[in-house]
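# A closer look at the structure
As a plain string of letters, each chain reads:
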Amino acid sequence: MVNIFLCDDEQALLDRYEQIVTDYMKTKKRVGQVFFKARNGYDLLILLQESGNQGGVYFLDIDLANDELNGIDLAVKIRELDPYAQIAFISIHDELLMEMIGSRVSVLNFIFKDNGLTQVTADIQATLDSAIKFRDQQVPEEVPTYFEYDNGLMFEKVNIDEINYFETAHKTRYLILHRDSSLIEFSGRMLDIEAQLPNFLKVHKSILVNPDKVVRIDKEAHQAIFDNGDTCDVAYRKIDELVKVVYHPQC
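Treat the numbers as computed from the prediction; the structure is a model and nothing was measured.

Along the chain, Q49 falls in helix 2 (residues 41-51). The exposure class of Q49 is exposed, given its relative accessible area of 52%. Along the sequence, Q49 and L81 sit 32 residues apart, while their C-alpha atoms lie 7.1 Å from each other.

A packed helix pair is summarised by two numbers, namely the angle formed by the two axes and the spacing between the axes. At a minimum axis separation of 10 Å, helix 2 and helix 3 (residues 71-81) run at an interaxial angle of 0 degrees. In terms of their interaxial angle, helix 2 and helix 3 are classed as roughly parallel. Between helix 2, through G41, L44, L45, L48 and Q49, and helix 3, the contact on the second element is made entirely by L74, K77, I78 and L81.

Time to look at the UniProt feature "modified residue: 4-aspartylphosphate" (unreviewed entry) in the protein. Here, UniProt's "modified residue: 4-aspartylphosphate" (unreviewed entry) annotation points to D61. Take D61: it is sitting in strand 3 (residues 57-61). Exposure remark for D61: the relative accessible area of 4% places this residue in the buried category. Look past the residues within four positions of D61 in its chain and what remains in contact with it is C7, D8, D9, G71, I90, S91 and K113.

Reading across the sheet, the three strands line up as 13-14-15 and stay open at both edges, with antiparallel pairing between neighbours. Here the strands that pair on one side only, and so sit at the sheet edges, are strand 13 (214-218) and strand 15 (231-233). For this sheet the average axis-to-axis angle between neighbouring strands, irrespective of direction, equals 25 degrees. Pairing between strand 13 and strand 14 (residues 223-226): four bridges, direction antiparallel. What sits directly across from D218, in strand 14, is Q223. In the packing of helix 7 (residues 239-247) onto the sheet, contacts are made with strand 13 and strand 14, and the angle to strand 13 comes to roughly 150 degrees.

Turning our eyes to something else, we now look at the packing of aromatic side chains. Enumeration according to the criterion identifies ten aromatic pairs in this entry. Taken together, a centroid distance of 6.2 Å and an interplanar angle of 15 degrees make the contact between F89 and F110 stacked. Residue F89 is found in strand 4 (residues 86-91), and its partner F110 is found in strand 5 (residues 109-112); the two are separated by 21 residues along the sequence. Judged by its relative accessible area of 23%, F110 falls in the partly exposed class. A cation sits over an aromatic face here: K157 above Y146, 4.4 Å from the ring centre. Above the plane of the ring of Y174 lies K171, whose end atom (NZ or CZ) is 4.3 Å from the centre.

Cut-offs and rules
Residues numbered from 1 in each chain as written. Predicted model: local features only at pLDDT ≥ 70, side-chain atom pairs only at ≥ 80, totals over all residues. Heavy atoms only, no water. Helix = DSSP H or I, 4+ residues; strand = E, 2+ residues; numbered from the N terminus. Buried < 20%, exposed > 50% of the residue type's maximum accessible area, 1.4 Å probe, protein only. Axes fitted to C-alpha atoms, helices over the stretch in contact; angles between N-to-C directions. Parallel < 35°, antiparallel > 145°, perpendicular 65-115°, else oblique. Contact = heavy atoms within 4.5 Å. UniProt positions renumbered as here; feature names shortened; annotations may be inferred. Pairing = 2+ DSSP bridges. Phe/Tyr/Trp six-rings, centres within 6.5 Å; stacked < 30°, edge-to-face > 60°. Lys NZ or Arg CZ within 6 Å of the ring centre and 35° of its normal.

Pasting the structure below:
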């Protein structure tokens with residue numbers, strides 16, 4: 001999952017950049033999202049400190065009005081928190097400023113607002129292509145310790161070791177997260193969950209299981225049983241694969 005961060009003091013531009021990124025992800029079928037957008041650098045830094053995000057892609061305005069941090073200082077602080085950050089600036093033409101920035105921050109791209117919306121869109125898309133390629137090469141693979149989702153109002157996270165399985169809901173583009181003590185329904189795609197949680201196993205066209213939580217497999221009933229007593233269906237052709245993952249993970 002590629003997390004993208006936007007920072008600009010104009011809300012209309014933030015919304016426009018978010019739409020450009022969202023359209024890009026759909027068109028290119030990339031697994032990514034606008035994780036956070038902010039009108040000042042302070043909010044973005046607080047979010048990074050709390051989330052511990054690594055390998056993010058950042059689009060920053062240089063001149064952040066009514067903010068103690070300008071975009072350059074913000075980029076320096078982002079780099080301290082996220083050493084794998086891919087940073088691009090969106091601003092107006094200023095060759096001397098670009099040279100000065102380049103001496104302080106390693107920048108993926110400069111995107112000029114005064115080139116017009118069509119060119120800005122193309123530049124953001126090209127920057128995302130490059131950023132994702134670099135990220136895949138540089139960011140070490142880590143097994144996530146929690147799952148992040150959008151509940152419609154804010155991003156939430158759940159510890160992986162509390163999750164039994166995901167299943168598709170009856171409502172289109174909604175999923176249900178089955179955890180030890182509750183159910184959580186949220187908007188999302190199973191494909192994105194699979195990408196974010198590579199250690200989970202798809203055991204049915206509509207079910208993604210956490211193998212670490214499976215305590216028993218009923219091969220006759222085609223069911224997985226979890227440590228809190230919950231059960232879920234397992235497709236016939238997936239039974240043997242689940243058995244192997246649960247009982248012989250090194251094979």
